[in-house]
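Each chain, written out:
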Amino acid sequence: MSQEYAYLRGDFLPLEQATINVRTHAFLYGTAVFEGIKAYWLPETAEMAIFRVAEHYQRLCQSSHILRLVPPLSIDEMVDLTLQLVQKNQCRQDTYIRPIVYKADLRIGPILQVPDTRDDFCLFTLPMAGYLDTAKGIHVGVSPWRRLDDNAIPARAKVNGAYVNTALAKTDGALCGFDDVVVLTNEGHVAEGSAMNLFLVRKGQLITSPISDNILEGITRQTIMELADRELGIQTICRAIDRTELYIADEAFFVGTASEVAPIVKFDHRSVGTGTVGAITQQIQGLYNKAVHGLLPQYEAWVTRVKMGG
Ligand SMILES: Cc1ncc(COP(=O)(O)O)c(C=O)c1O
């Protein structure tokens, strides 16, 4: 296998050397924000297609702003480094890209800004095929763990430390035999999946939780709403969702960069609709799959192509 690189402290380093000091603030307190970006291998043209890369960096900057982090690079510079790393790592398969802006100070004390505070940017890639089963449908449980509140650790910022909440919910869900979980807000509304947004289909309409119900403002969620509206004429209603609506939905699916469109066929041991992957879910899955592979010319602007050398 050829040498893999990561970007750290302003340089491309061999992956084994891309390590951080044990006293790094982000390691001590989780004071970092990140993104998950997916790039797809297109064998016919020998290109990697990176999906909505600029939007991911815009969200990284928003997350940074909430956490009083100052990315040391502009969005264009971070996009450019991402393309360079994909090329340098000779990624010739579906790949997950993880940029992080983090508090790089070597100091004790959970305060976000002190004079001469130092924030840094790092980046690595990882081969990633399927994150969830997107073919036959998954069984999802409602987690007893609640989603973090906007006034505790805001879910709309992708904060590294906040993923302890995700890890608790997902791990306990897995131990109970579920493929993944739905987390509720403190008020008891459906927020989202462990690391994905949720859509229900009821009476031919799409329903998803509003951004004020402690969800990450997902880029895939936005993509699906646009595709469903423009290509299928199906509008999405963003409104609070009760737990028991999960049980009587006609169809349901998770969406996210890593999970893509993952059909849900059971919630808490109750089948969703017919208990098989629904027709609207299949249509949306097909459209999304085409969009990320650059097969929908009208959405070509979503795809950044990187030509890979022979
Ligand atoms: C908590 C959470 N919700 C939703 C999503 C889906 O967001 P996106 O579609 O931007 O990947 C993710 C994944 O990044 C996530 O971690």
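What you are looking at is a predicted structure, and each value in this text was computed from that prediction instead of being measured.

Peer 1: Can you walk me through the side chain of Ser-259 in this structure?
Peer 2: Position of Ser-259 among the secondary structure elements: in the loop between strand 14 (251–256) and strand 15 (260–267). Judged by its relative accessible area of 1%, Ser-259 is buried. A distance of 3.3 Å separates a polar atom in the side chain of Ser-259 from the backbone nitrogen of Gly-256. Other than its neighbours up to four places away in sequence, Ser-259 contacts Tyr-131, Leu-132, Thr-134 and Met-196.

Peer 1: Can you help me understand the packing of helix 2 (residues 53–66) against helix 3 (residues 75–88) in this one?
Peer 2: When two helices pack together, you describe them by how their axes are tilted relative to each other and by the distance separating the axes. Between helix 2 and helix 3, the shortest axis-to-axis distance is 10 Å and the interhelical angle comes to 130°. The angle between the axes of helix 2 and helix 3 places the two elements in the oblique class. When the axes of helix 2 and helix 3 are compared, the crossing they make is right-handed. Mapping the contact onto sequence places Val-53, Ala-54, Tyr-57, Gln-58, Leu-60 and Cys-61 in helix 2 and Ile-75, Met-78, Val-79 and Thr-82 in helix 3.

Peer 1: Would you explain the nonpolar core in this entry?
Peer 2: Buried together is how nonpolar side chains tend to be arranged in soluble globular proteins. If you look at the biggest cluster of nonpolar residues, it comprises 29 residues, and the most contacted ones within it are Met-48, Ile-50, Tyr-57, Val-86, Phe-121 and Leu-123. At the level of elements, strand 4 (37–42), strand 5 (47–51), helix 2, helix 3, strand 6 (95–103) and strand 7 (119–127) are the ones that each hand at least two residues to this core. Among the elements that line this core, the one with the most residues is helix 3, at 5 residues. Aside from chain neighbours lying at most four places away, what touches Leu-123 is Ala-6, Tyr-7, Tyr-57, Leu-81, Thr-82, Leu-85, Ile-97, Arg-98 and Pro-99. Counting residues in each nonpolar core, the second largest holds 25 residues, with Phe-199, Leu-227, Ile-284 and Val-303 among its members.

Peer 1: Where do I start with the pattern of salt bridges in this structure?
Peer 2: Any two side chains of opposite charge can pair, so long as their charged atoms come close to each other. Tallied over the full model, the rule gives 15 salt bridges. In this structure, Arg-59 engages Glu-35 in a salt bridge whose closest nitrogen and oxygen atoms are separated by 2.7 Å. With a gap of 24 residues between them, Arg-59 in helix 2 and Glu-35 in the loop between strand 3 (32–34) and strand 4 connect regions that are remote in the sequence. Residue Lys-38 pairs with Glu-260 through a salt bridge whose shortest N-O separation is 3.4 Å. Here Lys-38 is found in strand 4, whereas its partner Glu-260 is found in strand 15, with 222 residues between them in sequence. On the accessibility criterion, Lys-38 (1% relative accessible area) is buried. Given the relative accessible area of 15%, Glu-260 is considered buried. Counted as one network, the salt bridges with shared partners bring together Glu-47, Glu-300 and Arg-305.

Peer 1: I keep staring at the site of the ligand and nothing clicks. Help me out?
Peer 2: For the ligand, the set of nearby residues contains 15 residues, the closest of which are Arg-59, Lys-158, Tyr-163, Thr-220 and Thr-257. Within the backbone of Ile-219, one N or O atom sits 2.8 Å away from an oxygen atom of the ligand. Contacts to the ligand include Thr-257, whose side-chain N or O atom sits 2.6 Å from an oxygen atom. Judged by the proximity of its atoms to the pocket grid, the ligand belongs to the largest pocket.

Peer 1: Explain the layout of surface pockets to me, please; I cannot follow it from the model alone.
Peer 2: It is the rolling of a water-molecule-sized probe over the atoms that shows where space remains empty. Taken as a whole, the largest pocket holds about 530 Å³ of empty space. Together, 33 residues line the largest pocket, and Lys-158, Tyr-163, Ala-195, Met-196 and Leu-216 are the ones closest to its centre. Of all the secondary structure elements, the ones that give two or more residues to the lining of the largest pocket are strand 6, helix 4 (163–175), helix 5 (219–232) and strand 14. Ranked by residues supplied to the lining of the largest pocket, first place goes to helix 4 with 3 residues. No fewer than three residues from each of domain 1 (5–127) and domain 2 (138–292) sit in the lining of the largest pocket. Reported here for the second largest pocket is a volume of approximately 270 Å³.

Criteria and thresholds
Residues numbered from 1 in each chain as written. Predicted model: local features only at pLDDT ≥ 70, side-chain atom pairs only at ≥ 80, totals over all residues. Heavy atoms only, no water. Helix = DSSP H or I, 4+ residues; strand = E, 2+ residues; numbered from the N terminus. Buried < 20%, exposed > 50% of the residue type's maximum accessible area, 1.4 Å probe, protein only. Polar contact = N/O pair within 3.5 Å; in protein donor to acceptor, adjacent residues only side chain to side chain. Contact = heavy atoms within 4.5 Å. Axes fitted to C-alpha atoms, helices over the stretch in contact; angles between N-to-C directions. Parallel < 35°, antiparallel > 145°, perpendicular 65-115°, else oblique. Left-handed = near helix turned anticlockwise from the far one by under 90°. Core = buried A, V, L, I, M, F, W, Y, C linked by side-chain atoms within 4.5 Å. Salt bridge = Lys/Arg side-chain N within 4 Å of Asp/Glu carboxyl O. Near = heavy atom within 4 Å. 1 Å grid on protein atoms, 1.4 Å probe; cavity = no way out; pocket = protein on both sides within 12 Å on 5 of 7 lines; lining within 4 Å. Sits in = over half its atoms within 2 Å of the grid points. Points joined across faces, edges and corners; volume = space filled by probe spheres on them. Domains from an automatic or database assignment.

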